[in-house]
Amino acid sequence: KKKKKKKKKKNKKKKMVDMEEEPLLKPMVLWAQRKEMVLLRVKIQPTEKPDFKIHDTHMEFKGVGIGASGKNWYGFELVFYESVDTKRCRVRFHDNEIEFRLLKINAGPWPRLQSTHNKPHWISLDFDHFEVSESEEEKDSEETERVQMQKQLEELEKSMQKQVDLYESVVNVAEKIKVFYLLMYNLLQWVGFSIVVGMLLYLLKDGTDGIYNAYEVVSPVLNVCQLLAFLEVIHSMFGLVKGGVLASLMQVAGRAFILFLCLSPVKSMHTHPIVYVLFMVWSLIELFRYPYYALSVLNKDIYLLSWLRYTVWIPLYPTGFTCEAIVIWLSIQYSPPEGVWSYPLPNALNMSFSVIMFQKMVLLLYPIFPYLLISYMFSQRKKKLSSKMKKQ
């Protein structure tokens, strides 16, 4: 039995070799085309995997199968009319045929399959498969469009991601600049008011003479700090810091009114002891306020500093408001009858302005401003300290 099996195998091999040595038979090849594709159907029933190569300009085929001449070696070589895309070509094996889908590089109809005008008898048009190839080509076209659209979407997504990354980088840079600016501003103001407190304490060594000279010694530094304080209104207005614009404006404008309209023009007020007390109260408030703001910019929180910021003002604000009211009243008393910075009639604008009258109106309405500011500060104190206690 073993010998018989070996003989059968040898006979098969001999037949295969004999068939391979014989000249290749041409299989029946049917072809159809659409705008972007050429469909080839090799009409043999493959018994083994055929050997074929598809190049951009031609195609080679060789394989064993059952065709019109029975089981034999079949083969052919085709030189295409135009180039095809080898990367996108596909092959399908069916029971009675092998199907090749060749996608054209240049879309459009071919007048013939081969580059030459010869018409081999084994190549013919695939009229029966014409409609099928059309629908299949449409599927291929749809698939190609889908792939192209997917690529476009991916490129668009990458482009949008780059824009988002650029925007985020710009925002990060702007945030860093804002943090640096606010930190420097608060530190500069703290240094300025620290200098003012140091000067006022140093003047105490001269006794009453030092107190009388408080305005002359301290006002240059205090004037600069007070002018810079107007930036805080702008900070709140443009959202650089969290806080009410009205509360900030009342505090800054109120101090500027006292400093530049009530004290600066009236020289007889410069030596009054109330000036020393007022400058000390203002500066002590800022010694705790600006360090708190500087740490808030860095998202740092020290409970003791927060407590001082929202507690020290409780005795200092009423003292400061009382001193400011006294300064306004004394400024009215010591000012000349027409008042400094007044604009009496007659004049080109046919209108007048009296600083003394304006000071009297402010003094009459003055109790409203402390009430509003103190109420706001109490609400802030309750909000800030209670939230910090809960976190602890």
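Above this text is the structure in question.
Anyway, here's the lowdown on the structure attached to this text. Just so we're clear, the structure is a prediction, and the values are computed from it rather than from any experiment.

## Some thoughts on the sheet that holds strand β9 (residues 123-125)
- One open sheet holds the five strands; their spatial order is β7-β8-β2-β1-β9, and the pairing between them is mixed. The open sheet has two edge strands with one neighbour each: β7 (90-93) and β9. Going across the sheet, the axis of each strand differs from the next one's by a mean of 20°, ignoring polarity.
- Pairing analysis gives three bridges linking strand β1 (residues 29-33) to β9, with the strands arranged parallel. From the neighbouring strand, L30 faces β9, where its bridge partner is S124.

## Observations concerning unusual backbone geometry
- In this structure, N299 takes a positive phi of about 60° despite not being glycine.
- Exposure remark for N299: the relative accessible area of 73% places this residue in the exposed category.

## Thoughts on the pattern of salt bridges
- The final tally for this structure, using the stated rule, is 11 salt bridges.
- Note that D126 is salt-bridged to R41, the shortest N-O span being 2.8 Å. On the criterion of sequence distance, the pair formed by D126 in the loop between β9 and α2 (130-203) and R41 in strand β2 (residues 37-42) is long-range, its members being 85 residues apart. Residues D126 and R41 agree in their burial class; the two are buried.
- Of the charged contacts, one joins E99 and R101 as a salt bridge, the two residues approaching to 3.0 Å between their closest N and O atoms.
- A single network of salt bridges, built from pairs that share partners, joins R41, K43, E97 and D126.

## Quick look at the packing of helix α6 (residues 245-263) against helix α9 (residues 313-334)
- Closest axis-to-axis distance for the α6/α9 pair is 10 Å, and the angle between their directions is 35°. Taken as a pair, α6 and α9 cross one another with a handedness that is left-handed. Residues Q251, R255, F257, I258, L261, C262 and L263 of α6 form the contact with α9, whose own contacting residues are Y317, E324, V327, I328 and S331.

## A closer look at the nonpolar core
- Grouped together as the largest cluster of nonpolar side chains are 52 residues, with contacts concentrated most on L200, L222, I258, L263, F279, V327 and I328.
- Among the secondary structure elements, those contributing two or more residues to this core are α2, α4 (214-228), α6, α7 (273-297), α9, α10 (355-365) and α11 (368-391).
- Top element by residues in this core is α7. It accounts for 12 residues.
- Residues contacting F279, with those up to four places away along its chain left out, are L200, Y215, V218, L222, L259 and L263.
- Ranked by size, the runner-up nonpolar core spans 22 residues in total, among them W31, V38, M59 and L113.

## A closer look at a nonpolar patch on the surface
- The grouping of L364, L365, I368, F369, Y371 and L372 at the surface amounts to a nonpolar patch, some 630 Å² of accessible area in total.
- Listed by contribution, the elements that provide at least two residues to the nonpolar patch are α10 and α11.
- Considering every element that reaches the nonpolar patch, the biggest residue donor is α11, with four residues.
- In this structure, L364 sits in helix α10.
- Among the residues examined, L364 registers a relative accessible area of 69% and is labelled exposed.

## A closer look at the pairing of β2
- Of all six residues that make up β2, six are buried, and the element is covered over most of its length.
- Taken together, the five bridges between β1 and β2 define a ladder with antiparallel strand orientation. Directly across from V29, in β2, lies its bridge partner V42.
- What sits between the antiparallel neighbours β1 and β2 is a turn of three residues.
- With six bridges joining them, β2 and strand β8 (residues 98-103) adopt antiparallel strand pairing. The residue bridging V42 from the neighbouring strand is I98, located in β8.

Criteria and thresholds
Residues numbered from 1 in each chain as written. Predicted model: local features only at pLDDT ≥ 70, side-chain atom pairs only at ≥ 80, totals over all residues. Heavy atoms only, no water. Pairing = 2+ DSSP bridges. Helix = DSSP H or I, 4+ residues; strand = E, 2+ residues; numbered from the N terminus. Axes fitted to C-alpha atoms, helices over the stretch in contact; angles between N-to-C directions. Buried < 20%, exposed > 50% of the residue type's maximum accessible area, 1.4 Å probe, protein only. Salt bridge = Lys/Arg side-chain N within 4 Å of Asp/Glu carboxyl O. Left-handed = near helix turned anticlockwise from the far one by under 90°. Contact = heavy atoms within 4.5 Å. Core = buried A, V, L, I, M, F, W, Y, C linked by side-chain atoms within 4.5 Å. Patch = residues over 30% accessible without salt bridge, like charges linked within 9 Å, V, L, I, M, F, W, Y side chains within 5 Å. Areas by Shrake-Rupley, 256 points an atom, 1.4 Å probe, with all protein chains shown as cover.

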